[in-house]
Amino acid sequence: MRLDIQGLRAVAVGLVVLSHAGVDRLAGGYVGVDVFFVISGFLITSLMLREVESTGRISLRRFYARRALRLLPASTVVVLATLAGAWLCLGPLRFVEYTEDAFASALYFVNLHLADAGTQYLNADAPPSPFQHFWSLAVEEQFYLVWPVLMLLVVRWLARRRLALAVLLAAVCAGSFLLNLDWIETSSSWAYFGSPARAWELGAGALLALAANRIARLPGPVAALLGWTGLAAIAYAALAFDESTPFPGWYAVVPVFGAVAVLAAGMKDGGPRYGAVALLGLRPAVWIGGLSYSWYLWHWPLIVILPAELGEDRILVKILAAVLALNLAWLTLRFVEDPVRFHRAFKGPSWRGLSLGLALSVGSAVIALLAAQIPLKIATGPDGPDLRQALAAAEQPERALAELLDTAPTELPGNLNPRIDQITVAPDSPFLNGCHASPDTVEPKTPCEYGDKDGDRLVVLFGDSHMTQWLPAMQALADKYHWRLASLTKAHCKPGKVTTVHVGRGGPYEQCNQWRAKAVEYIASLEPDLVLTSFAVHNPLYDTKLDQRTEWTRGLVEGYEDLRKSGTRVAALTDVPYLAQHALDCAIGHPLDLPACERTTKDADPAPLVTQAVRDAGKKTGVDVIETRPWLCSSNGKCPLVVGDTLVYRDRHHISEGFALKLAPVLERTLADHYGPELGLND
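What counts and what doesn't
Residues numbered from 1 in each chain as written. Predicted model: local features only at pLDDT ≥ 70, side-chain atom pairs only at ≥ 80, totals over all residues. Heavy atoms only, no water. Core = buried A, V, L, I, M, F, W, Y, C linked by side-chain atoms within 4.5 Å. Buried < 20%, exposed > 50% of the residue type's maximum accessible area, 1.4 Å probe, protein only. Phe/Tyr/Trp six-rings, centres within 6.5 Å; stacked < 30°, edge-to-face > 60°. Patch = residues over 30% accessible without salt bridge, like charges linked within 9 Å, V, L, I, M, F, W, Y side chains within 5 Å. Areas by Shrake-Rupley, 256 points an atom, 1.4 Å probe, with all protein chains shown as cover. Salt bridge = Lys/Arg side-chain N within 4 Å of Asp/Glu carboxyl O. Helix = DSSP H or I, 4+ residues; strand = E, 2+ residues; numbered from the N terminus. Disulfide = S-S within 2.5 Å. Expected span 1.5 Å × (residues − 1). Contact = heavy atoms within 4.5 Å. Axes fitted to C-alpha atoms, helices over the stretch in contact; angles between N-to-C directions. Parallel < 35°, antiparallel > 145°, perpendicular 65-115°, else oblique. Pairing = 2+ DSSP bridges. Left-handed = near helix turned anticlockwise from the far one by under 90°. Nonpolar A, V, L, I, M, F, W, Y, C, P; charged D, E, K, R; others polar. Bend = angle between axes of the 7 residues up to and from the residue.

(A) Focus on the nonpolar core. If you look at the biggest cluster of nonpolar residues, it comprises 105 residues, and the most contacted ones within it are Leu8, Val31, Phe134, Trp135, Trp147 and Leu263. One finds Leu387, Ile588, Ala604 and Ala664 within the second-largest nonpolar core, a separate group that totals 61 residues.

Here it is, written out as C-alpha cells:
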C-alpha cells in the first residue's frame with residue numbers, strides 16, 4: 001500500500017469535512033471530492049491492469065464482488081442510521097422527502113436525483129438533505145459499472161495494448177470535460193452532480209495509471225517538485241474557491257491537476273524523501289486516510305442532524321459533529337468494514353460477495369420505501385374559517401381578508417386545506433413545465449399561455465418567481481373572464497434594467513440581462529392589454545458601490561418605460577413579506593404556537609430601499625403600484641403563517657398556490673378598480 005495515497009485521502013476528507021463544518025477559510029474544501037475521484041480512478045485502473053498483467057484477463061465478477069464488500073456494508077449502516085436520525089430529529093414532513101433520498105442513495109443514483117432537484121427552484125429554501133453527500137459515491141459507482149467493461153473489451157480486442165486503452169479513455173475524458181463546460185453554463189446542477197460531467201476526473205486518475213511505467217522514471221527532484229506543486233494546487237483551490245465559484249467547469253482542473261501531480265510524484269520508488277509524499281506518509285495522515293471512507297459517510301449526516309437537534313447552528317457544534325463522526329468512522333472500520341471485507345466466507349466464490357452487496361442495497365432501499373409509508377402525525381387545533389368561501393362570498397373581499405388576518409389562528413387548523421404534506425405546485429406550473437426560465441437560459445420560452453387561448457384580452461406576467469407565485473389567482477381570473485394569460489418569468493431576473501449577482505455562481509447576472517431584452521421585445525409583439533410585474537427584492541446588485549435606491553429606481557424606470565413603449569398598461573405588485581424560516585418547518589415545529597412563525601411588517605422586508613424604489617419608479621412612469629402587504633399582514637403589523645384554513649407560504653418567501661388561488665377575489669377587485677374596462681371586469 002502506498003502510504004502517500006492514504007495521506008492524500010486524509011487531505012481530501014479533511015478539506016471536505018472542514019468546509020461542510022463551516023470553516024470560512026476553507027470554503028473551497030469541497031474540492032476534496034475531486035481529489036477522491038482522481039484517486040479512485042487511479043486505484044481501480046491500477047488494480048485491473050495488474051490483473052490483466054498477471055492473468056491476461058479481467059474478472060468482472062471478482063471486481064464487483066470486491067467493490068461490494070469494500071463499500072456497501074459501511075454505506076448501508078450509515079443509510080439506515082441516517083434514516084433513523086432524520087426521523088427522530090428532522091421532523092416528519094422532511095422525513096418523507098428524505099426517504100426518497102435514502103432510497104436513491106441505497107441504489108446509488110442519488111446524484112441524478114439531486115441534479116434533477118437542483119433544476120427545480122421550489123427547493124431553493126429547503127434545508128440540505130442528510131443524504132446529499134452520497135452523490136459522489138454514486139458517481140464513483142456509476143463509473144465502476146462502465147469503466148471495467150470498457151477495459152475488458154479493449155483487453156480482448158487489442159491484446160493488452162495500453163496505448164489503445166489510453167486513446168479510448170482520453171476521448172471519453174475530453175467528451176466529459178466538454179460536457180462539463182457546457183452544463184456549467186446551461187444546467188449547473190447537472191454539471192455538479194451528473195456523472196457524465198464528472199467522468200473526466202476519474203478518467204484523469206485512470207490515465208495516470210496507464211502511464212505509470214513512464215512516470216516512474218522521473219528524476220527525483222522533478223518528482224519532488226511535482227508533488228509539492230500538486231499539494232499547493234489543492235491548497236490553493238480550497239482557500240481561493242467558495243460557494244460562488246462556478247464549479248466544476250475550468251476551476252475543477254486545479255484540484256484534479258493537484259491530485260494527479262501528487263499521485264505521479266509517489267510513483268518514483270515511493271517518492272523522494274524530501275518530497276510531499278514524505279509528509280503525506282506520516283502516521284497521523286495515514287491513520288485518517290484509512291478512516292476516510294467511513295468518515296466521509298458519517299460526517300455530513302451528523303453535521304446536518306446534530307445542530308438541528310440541539311437548535312444551535314454554530315460552527316463549534318458542527319466541528320463537534322465532525323469529531324463525533326470520526327469516532328463513528330473508527331468504530332465502523334473496526335466492527336463493520338474490516339470484519340466483512342476480510343471474512344473467510346468471502347474468500348471463496350465471487351457470487352457470495354455479489355449476493356451480500358445485492359442484499360444490502362435492496363434491503364436498505366426496501367426499508368426506505370417502508371419508512372415513507374409511516375403516517376404523518378402533526379398536532380392541530382380547532383378548525384379555521386374556510387378562506388376561499390369567505391372571500392368568494394364577500395361583497396368586499398379586501399375587508400373580509402383583513403378581518404381574517406386580524407384573527408389568524410394561533411394553532412395549526414385541523415381542516416388545513418390543502419394539508420401540510422400537500423403544499424406543492426400543480427404539474428402545469430411554470431416551475432415544473434419549463435416556462436419559468438432557469439438562471440442560465442437566455443431565450444424566453446414561448447408561448448407559455450394559460451386561460452382562454454382564444455380570448456380577446458391578453459395579460460402578461462413578467463418578472464421572477466415572485467411574479468410566478470401569483471399565477472394561480474391570475475389563472476382563475478383568466479378562466480372566469482376569458483383572458484389569454486402569458487407567463488414570462490425567469491429565476492432571480494428582475495423587470496428593471498439592473499445587473500444583479502448570479503445566485504449560486506457569483507459574478508454579474510448577464511443571462512438575465514439578455515433574457516430580459518428578448519422578453520420585452522416579445523411582449524411588445526403581443527400587444528397585451530396589461531403587463532403585471534413583480535420580483536423578489538432580496539437579490540443584491542452586482543456593483544455594491546452603487547446607491548441601492550437610486551440604481552434600482554433608475555433601472556425600474558427604464559424597464560417600465562420599455563414595457564410601456566407600445567402603449568401597454570403596466571402594473572407592479574410589491575414584494576411579499578418574508579418569513580424568518582421555512583414555512584413548513586416552522587409550522588411543523590410550532591403547530592400549537594403559530595405566532596412563533598410570524599414576522600412583523602417592520603422585519604419582513606429584506607430590502608426596504610428596493611421596495612421604495614418600486615414606488616418611486618411607479619410615480620415617475622405612471623405605472624400603478626399595487627401594495628400586497630395588506631393581503632398578507634394584519635392591521636397590527638403581524639404577518640401570519642396561516643389565514644383561515646390556509647397556509648400562506650410554501651417556503652420562506654413564496655406564497656402557497658392554495659393561498660394565491662383563494663386570493664383571486666381580492667386581486668379581481670383590485671384590478672377592476674384600476675383596469676375594469678380594459679380587462680372586461682366591469683362588464
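(B) Layout of the packing of aromatic side chains. What the rule picks out here adds up to 24 aromatic pairs. Pairing Phe103 with Phe109 gives two aromatic rings, centres 6.1 Å apart and planes at 80 degrees, and the pair type is edge-to-face. Phe103 sits in the partly exposed class, given a relative accessible area of 25%. Judged by its relative accessible area of 31%, Phe109 is partly exposed. On the basis of an interplanar angle of 45 degrees and a centroid distance of 5.1 Å, the ring pair of Trp135 and Tyr192 is categorised as tilted.

(C) Up close: a nonpolar patch on the surface. Where nonpolar side chains cluster on the molecular surface, the patch consists of Trp287, Trp330, Leu331 and Phe335 and spans about 440 Å² of accessible area. For the nonpolar patch, the leading source of residues is helix α16 (residues 315–341), giving three residues. Within the secondary structure, Trp287 sits in helix α14 (residues 283–290).

(D) Highlighting the state of the cysteines. Inspection of the entire model under this criterion finds four disulfides. The partner cysteine of Cys493 in its disulfide is Cys512, sulfur to sulfur 2.0 Å. Between Cys493 and Cys512 the disulfide shows an S-S torsion of about 85 degrees. By sign, it is right-handed. Of this pair, Cys493 sits in the loop between β4 (483–490) and α23 (510–526) while Cys512 sits in helix α23, and the two are 19 residues apart along the sequence. Each bonded cysteine of the protein chain gets a number by its place in the sequence, and the pairs then read 1-2, 3-4, 5-6, 7-8. For Cys89, which is in no disulfide, the shortest distance to another cysteine sulfur is to Cys586 and amounts to 18 Å.

(E) Here's a closer look at helix α26 (residues 608–621). Counted at 1.5 Å a residue, the expected span for α26 with its 14 residues is 20 Å, and the 20 Å between its end C-alpha atoms agrees. Where α26 is buried, its residues touch α24 (548–564), β6 (569–573) and β8 (624–626). Of the residues one or two after α26, Gly622 is the one with positive phi, at around 80 degrees.

(F) Representation of the packing of helix α1 (residues 3–20) against α14 within the structure. In contact at an axis separation of 7 Å, α1 and α14 are set at 70 degrees when each is read in the N-to-C sense. The angle between the axes of α1 and α14 places the two elements in the roughly perpendicular class. Contact with α1, carried on its side by Leu3, Gln6, Gly7, Arg9, Ala10 and Val13, involves Ala285, Val286, Ile288, Gly289 and Gly290 of α14 and no other residues of that element.

(G) Here's a closer look at the pattern of salt bridges. Applying the stated rule across the entire model yields 26 salt bridges. Here Asp4 ties to Arg2 by a salt bridge, and the two come within 2.7 Å at their closest N and O atoms. With relative accessibility at 23%, the residue Arg2 sits in the partly exposed group. For Arg484, the salt bridge identified is with Glu449, shortest N-O distance 3.1 Å. Within this pair, whereas Arg484 is found in strand β4, its partner Glu449 is found in strand β2 (residues 449–451), the two being separated by 35 residues in sequence. Ionic contacts of the salt-bridge type, sharing partners, join the residues Asp34, Arg198 and Glu201 into one network.

(H) Spatial organisation of the pairing of β4. For β4, a buried count of seven out of eight residues is recorded, marking the element as mostly surrounded by other parts of the structure. Where strand β1 (residues 436–437) meets β4, two bridges bridge the pair, whose relative direction is parallel. If you follow His436 over to β4, its bridge partner there is Thr489. Direction of pairing for β2 relative to β4: antiparallel, over a ladder of three bridges. The residue bridging Gly451 from the neighbouring strand is Arg484, located in β4. When strand β3 (residues 457–463) meets β4, the two strands line up parallel, connected through seven bridges. The partner of Arg457 across the bridge, within β4, is Trp483.

(I) The arrangement of the packing of α1 against helix α12 (residues 253–265) in detail. In contact at an axis separation of 9 Å, α1 and α12 are set at 160 degrees when each is read in the N-to-C sense. What the angle tells us is that α1 and α12 run roughly antiparallel. For the element pair α1 and α12, the recorded crossing hand is right-handed. Between α1 and α12, the contacting residues are Asp4, Ile5 and Leu8 on the first element and Ala259, Val262 and Leu263 on the second. Of the residues belonging to the contact of α1 with α12, the class tally is five nonpolar, no polar and one charged.

(J) Representation of helix α3 (residues 60–89). Taking 1.5 Å of rise per residue, 30 residues should cover 44 Å, and α3 covers 41 Å from first to last C-alpha, within 8% of that figure. If you look at α3, its biggest bend is around 35 degrees, right at Leu72, and the proline Pro73 turns up within four residues after that. Once α3 finishes, Gly91 follows within two positions and takes phi at roughly 90 degrees, a positive value.

(K) View of the environment of Gly258. Tracing the sequence through the fold places Gly258 in helix α12. Residue classification places Gly258 among the buried positions, given a relative accessible area of 0%. Separated by 22 residues in the primary sequence, Gly258 and Tyr236 place their C-alpha atoms 9.6 Å from one another. When residues no more than four places from it in sequence are discounted, the contact partners of Gly258 are Gly230, Ala233 and Ile234.

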